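Analysis of the macromolecular model
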Amino acid sequence: MLDKVLLSDASLQEIDNELDKYPKDRRQSALLAALRIAQEEHNWLSDELIEYVAEVIGVPPVRAFEVATFYSMYDLKPVGRHKINVCTNISCMLRGCDQIVNYLQNKLGIGFGETTADGKFTLKEVECLAACAGAPMMQIGRDYYENLSPEKIDTILQALP
Amino acid sequence: MEIEFNTVRKAYNVCLPDSSRDQPWTLKSYQANGGYQALEKILREKTPASEIIEALKASNLRGRGGAGFPVGVKWSFMPRDADGQKYVICNSDEGEPGTCKDRDILRLNPHALIEGMTIGGYVMGATVGYNYMRGEFWQPYEVMERAMKEARQAGYLGHNLLDSGFDFNLYSHLGAGAYICGEETALLNSLEGLKGEPRFKPPFPATFGLYGKPTTINNTESFASVPAILRGNGKWMNSQWFKDLGVENSGGVKVFSVTGHVKLPGNYEIKMGTPFSELLKMAGGVWKGRKLKAVIPGGSSVPVMPAINIMKANMDYDSLQQNGSAVGAGSVIIMDETTDMVKVLERISCFYFEESCGQCTPCREGTGWLYRIIRRINNGHGTMADLDTLLDVANRIEGRTICALGDAAAWPVQSFLKHFGHEFEAKVMAMDGLYAASAGRAGAAANPANATADSA
Ligand SMILES: Cc1cc2nc3c(=O)[nH]c(=O)nc-3n(C[C@H](O)[C@H](O)[C@H](O)COP(=O)(O)O)c2cc1C
Ligand code: SF4
Ligand code: FES
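Anyway, here's the lowdown on the structure attached to this text. (Residues numbered from 1 in each chain as written. Chains lettered and ligands numbered in written order. Predicted model: local features only at pLDDT ≥ 70, side-chain atom pairs only at ≥ 80, totals over all residues. Heavy atoms only, no water.)

1. Digging into the site of ligand 2
By nearness alone, 13 residues border ligand 2, and Cys357, Gln359, Cys360, Cys363 and Cys403 of chain B come closest of all. Classifying every residue of the shell around ligand 2 gives eight nonpolar, five polar and no charged. (Near = heavy atom within 4 Å. Nonpolar A, V, L, I, M, F, W, Y, C, P; charged D, E, K, R; others polar.)

2. Brief notes about the nonpolar core
Within the largest apolar cluster, 154 residues are counted, with the highest numbers of intra-cluster contacts made by Trp75 and Ile119 of chain B. The element contributing the most residues to this core is helix α17 (residues 405-440) of chain B, with ten residues. Both domains that furnish three or more residues to this core are identified here as domain 1 (9-70) and domain 2 (82-159) of chain A. Non-local contacts of Ile119 of chain B, meaning those with residues more than four positions away in its chain, are made with Ala38, Leu39, Ile42, Ile52, Trp75, Val226 and Leu230 of chain B. (Core = buried A, V, L, I, M, F, W, Y, C linked by side-chain atoms within 4.5 Å. Buried < 20%, exposed > 50% of the residue type's maximum accessible area, 1.4 Å probe, protein only. Helix = DSSP H or I, 4+ residues; strand = E, 2+ residues; numbered from the N terminus. Domains from an automatic or database assignment. Contact = heavy atoms within 4.5 Å.)

3. Details of the sheet that holds strand β2 (residues 87-92) of chain B
Residues and elements named next belong to chain B. Taking strand neighbours across the sheet as the criterion, the four strands line up as β4-β3-β2-β5 in an open arrangement whose pairing is parallel. The outermost strands of the open sheet, each flanked by one partner alone, are β4 (169-174) and β5 (215-219). In this sheet, adjacent strand axes meet at a mean angle of 20° when their direction is disregarded. Note: β2 against strand β3 (residues 128-133), six bridges, orientation parallel. Looking at the pairing, Ser92 lines up with Met133 of β3. The strands touched by helix α9 (residues 220-231) are β2 and β5; relative to β5, the strand with the most contacts, the crossing angle is about 90°. (Pairing = 2+ DSSP bridges. Axes fitted to C-alpha atoms, helices over the stretch in contact; angles between N-to-C directions.)

4. Looking at the sheet that holds strand β2 (residues 121-126) of chain A
All names here are of chain A. With respect to topology, four strands assemble into an open sheet ordered β2-β1-β3-β4, the strand pairing being mixed. Single-partner strands in this sheet number two, and they are β2 and β4 (143-145). The mean angle between the axes of side-by-side strands here comes to 25°, regardless of whether they run parallel or antiparallel. Note: strand β1 (residues 82-87) against strand β3 (residues 138-140), three bridges, orientation antiparallel. Along β3, the bridge assignment pairs Val86 with Met138. Contacting β1, β2 and β3, helix α6 (residues 97-108) runs over the sheet at an angle of about 155° to β1.

5. Here we look at the interface of chain B and chain A
Contacts between chain B and chain A engage 58 residues on the former and 41 residues on the latter. With both chains or domains summed, chain B and chain A bury close to 4100 Å², and 58% of this area falls on carbon and sulfur atoms. On inspection of chain B and its partner chain A, the count reaches four salt bridges. In this structure, Glu127 of chain A engages Arg347 of chain B in a salt bridge whose closest nitrogen and oxygen atoms are separated by 2.8 Å. (Buried area = accessible area lost by both parts, 1.4 Å probe. Salt bridge = Lys/Arg side-chain N within 4 Å of Asp/Glu carboxyl O.)

Laid out in structure tokens, this is it:
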């Protein structure tokens, strides 16, 4: 039995739903999803949380650490309330992502990988997000924002809680 | 749910719905346009799997994920009648820089993918399918979930489909950020909850795939093309219709993502064999009235083509190959005359360095070398010897790795140097000139512009 409970019932239920997608003896297939769900609840994945997820899934902790460190969407330290992922790959570069990056960095006063002092925003550079026809683009949380301009960024950021 | 439709610039209603269709992602709209007719007929008439495979072979549909392997042939490799679980898997990882077609198929035409995968399950004797979507695809995931629910309620997914005795369950699986998971065996490992590291081949997935079971993996666009092909434009299984839309060796229509320095970036579902010049015209031409300098026609992994070569090429497998590149994922990246090719290659090399999974030494170390040398050249600290080293490193990666990411890192370097080597040399010489000048004349170093002019 787990001696400590680090996830809400809702999160545990969500993990169960993921487990239902795979054969009974292949619980590890839900590991990526379980880590995502845990991160959504806690903002980031602490060592303790990763170990807990491993226990929920029923795999050795090392498996969960391997996965948590391999994939780029897992945050292994705290991030802001809104994670701004700016694509700087070719199609976005050709359509001026440099200007978008500069604007965001100046506006927020932070560089890539940093979080604003009020804990509201984290800025991250990402690879192509498959929205190249709407370049330059960024993703905040679950949403894509395309055909960016400084004015558009102002409006988008202002609307975020 | 509101879904923006503005990236579809041209549709043929095979994979991309045209903009006259209201909410094409709904079951109702899909059915009103011939959707699920193919599956219904197959389930009702118990069409022999071999007939469907023959029709697909005759359609000349080639895999749309990059390698262009014929879909019908791949499906025939599956041991259909062998006992035990088998799987069909859709590769919706879409991470190749410049590629944005699968996202539109998932968002706008999810039922075409569901129908294509279910037919795939029927043909290959698989009762379970997974659609592996990259972790960033939240919106497509939600659209897919809703479409799958509609399909289940209508009896197109789940147990005993339309009372045929055939089962097919489909599940969405989200990745978590890793380009390498688009490589099919890395994808399998990722689906098993492991790091996305490619496996040695052989064994191939058709014999040893997901959980060690026979598995077929196809790209989103490959699966989504199947229903329309079997409908045959009104004549059942008339897959010749699809073949004839294209040219020899390149059947049908295909979605090209046109991006970069172009007036109307977007997805264009056009006939294979369409001249590039025509596609460029459809896309409004090069933006800002500028001249075309170069095009990467199939995503960052395929060789770059100078304007003069691409302008005489057609958008099909043979023609692009004859002119020095490849269809790849159909991601056409347009670069105008102002483009700094060294900077572009630096960005591409940075990408492969970041995304190498690290299993093979030539790729893990080589991609780092490539990136660092190109960055050095771009920053003005390169030497002429660096240019030789670059090519040497690229040549030593190519063909010596577990998966094709190594080749994908090498090809851009080789082709950029081949066609735009003078730009790399110019950056090196600008600096050499600067040093020479500063040695002789104090002050010249303070003004790089002068030094460049002197040495030119
Ligand atoms: C590094 C790498 C990345 C790849 N990424 C993708 C991808 O994002 N989507 C895809 O369909 N195929 C991708 N592929 C190709 C797949 O390995 C596989 O060939 C393809 O999914 C097969 O489907 P198809 O025959 O329908 O094209 C990639 C290959 C490599 C080597
Ligand atoms: S070629 Fe690169 S990405 Fe592919 S398996 Fe080897 S190290 Fe990994
Ligand atoms: S290059 Fe930015 S989304 Fe593809």
